[in-house]
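This is what each chain is made of:
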Amino acid sequence: MINKEMSGVVEERLNSSLPHTSFGNMKTALLLVDVQDVFYSSNHLVRSSFPNFPEKTAALLNICRSMGVEVVHIHAFYKDSAWLRYGREINPERWGEERDAVGEIPEPFAQPLPTEKVVRKTTFDAFIDTDLHEYLQSRGIQQLLVAGLVTSCCVLM
């Protein structure tokens with residue numbers, strides 16, 4: 001989880017032009033969750049509620065990359081997922097043929113670099129049926145920054 005010191009560093013970097021500050025001695029990774037077309041660009045309500053999201057996300061990525069923070073992109077891919085079928089059952093009016101599969105088109109401002117890990121999740125939780133936990137452990141990650149979309153539902157730690 002983010003501690004207060006790290007949270008302050010990220011906020012300071014996003015709102016200023018001061019030189020970069022370290023996250024301390026702990027190896028850190030940024031989990032960028034569900035920053036995909038279907039959840040932002042294709043959703044008028046989200047776009048209008050969070051108009052600065054693209055700029056803030058791009059700034060966060062630039063800061064993390066420049067500080068050597070490992071970036072891991074979490075992309076939802078719900079085609080044929082039990083979660084998607086359940087969502088259609090409980091909210092049939094919100095699902096049509098065009099929403100039968102949530103693809104994984106990342107937003108242009110959050111494109112993964114070729115060297116960055118992309119985890120493709122088929123449930124809300126990126127730790128279920130993926131190699132995310134093992135990957136973070138193998139990289140020696142000790143603390144996580146978590147940012148993105150739908151995080152109130154899709155960050156289950």
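Worth saying up front: this structure is predicted, and the values here are computed from it rather than measured.

A. Geometry of the pairing of strand β3 (residues 117-121). Taking every second residue as pointing to the same face, the buried face of β3 carries Lys 117, Val 119 and Lys 121, while none of Val 118 and Arg 120 on the other face is buried. Sheet analysis places strand β2 (residues 70-76) next to β3, joined by 5 bridges and oriented parallel. When the bridges of β3 are listed, Ala 76 appears paired with Lys 121.

B. Local environment of the environment of Tyr 40. Relative to the elements of secondary structure, Tyr 40 occurs in the loop between β1 (28-33) and α2 (44-49). Along the backbone, Tyr 40 and Pro 106 are 66 residues apart, and their C-alpha atoms lie at a distance of 9.7 Å. Beyond its immediate stretch of four places on either side in the chain, Tyr 40 contacts Val 46, Arg 47, Phe 50, Pro 51, Phe 53, Pro 54, Glu 107, Phe 109 and Leu 149. Looking at Tyr 40, its side chain comes within polar contact range of the main-chain oxygen of Phe 50, at 2.8 Å.

C. Local environment of the sheet that holds strand β4 (residues 143-148). Ordered by their spatial adjacency, 4 strands build an open sheet running β3-β2-β1-β4, and the pairing between neighbours is parallel. Both edges of this open sheet fall to β3 and β4, since each of them pairs with a single strand only. Across the sheet, the axes of successive neighbouring strands diverge by a mean angle of 25 degrees, strand direction being ignored. For β1 and β2, the ladder comprises 5 bridges, and the chain directions are parallel. In the sheet register, Ala 29 faces β2, and the bridge partner there is Glu 70.

D. Region of interest: helix α3 (residues 53-66). Between its first and last C-alpha atoms α3 spans 20 Å; for 14 residues at 1.5 Å apiece the expected length is 20 Å, and the two agree. Looking at α3, one finds that the buried residues are Phe 53, Pro 54, Thr 57, Leu 60, Leu 61, Ile 63 and Cys 64. Following α3 by one or two positions, Gly 68 adopts a phi angle in the positive range, close to 80 degrees.

E. Inspection of the side chain of Glu 107 at higher detail. Within the fold, Glu 107 resides in the loop between α4 (82-90) and β3. For Glu 107, which is buried and forms no salt bridge, the nearest opposite charge comes from Arg 47, at a distance of 7.8 Å. Other than its neighbours up to four places away in sequence, Glu 107 contacts Val 35, Gln 36, Asp 37, Tyr 40 and Ser 41.

F. Structural detail: unusual backbone geometry. The residue Asp 34 is not glycine, and still its phi comes out positive at about 55 degrees. Positionally, Asp 34 belongs in the loop between β1 and α2. Of note, the phi angle at Asp 129 is positive, near 60 degrees, even though the residue is not glycine. Tracing the backbone shows Asp 129 in the loop between β3 and α5 (132-138).

G. Seen up close, the pattern of salt bridges. According to the stated counting rule, one finds 4 salt bridges in the structure shown. Among the ionic pairs, Glu 116 bridges to Arg 65, the shortest N-O distance being 2.7 Å. Taken as a pair, Glu 116 in the loop between α4 and β3 and Arg 65 in helix α3 lie far apart in primary sequence, 51 residues in all. What makes Glu 116 buried here is its relative accessible area of 12%. Classification of Arg 65 by relative accessible area gives partly exposed; the value is 27%. Among the salt bridges present, the one from Arg 139 reaches Glu 70, with a minimum N-O distance of 3.0 Å. Placement of Arg 139 in the loop between α5 and β4 and of Glu 70 in strand β2 is noted, with a sequence separation of 69 residues between them.

Calculation criteria
All residue numbers here refer to positions counted from 1 along the written sequence of the relevant chain. Thresholds applied to this predicted model are a pLDDT of at least 70 for local features of residues and 80 or more for the giving and counting of side-chain atom pairs; totals over whole chains, interfaces and linings are not thresholded and use all residues. To get the side-chain values, all heavy atoms of the structure are used, and hydrogens and water are removed first. Exposure categories follow from relative accessible area, calculated using a 1.4 Å probe and restricted to protein chains: below 20% of the type maximum is buried, above 50% is exposed, and the middle band is partly exposed. Helix and strand labels come from DSSP, where a helix needs a run of H or I of at least four residues and a strand needs a run of E of at least two; each type is numbered from the N terminus. Two strands make a pair as long as DSSP finds a minimum of two bridges between them. Contact definition: two residues touch when any of their heavy atoms are within 4.5 Å. For the purposes of these results, a polar contact is taken to be a pair of N or O atoms within 3.5 Å, where, inside protein, one atom must be able to donate a hydrogen and its partner to accept one; residues adjacent in sequence count only when each atom of the pair is a side-chain atom. To define axes, lines are fitted to C-alpha atoms, for helices over the stretch in contact only, and angles between the resulting N-to-C directions are given on a 0 to 180 degree scale. In this analysis, the expected span of each helix is defined as 1.5 Å times one less than the number of residues it contains. Two residue types count as positive, namely Lys and Arg, and two as negative, namely Asp and Glu; His and chain ends fall outside the count. Any Lys or Arg side-chain nitrogen located within 4 Å of an Asp or Glu carboxyl oxygen qualifies as a salt bridge.

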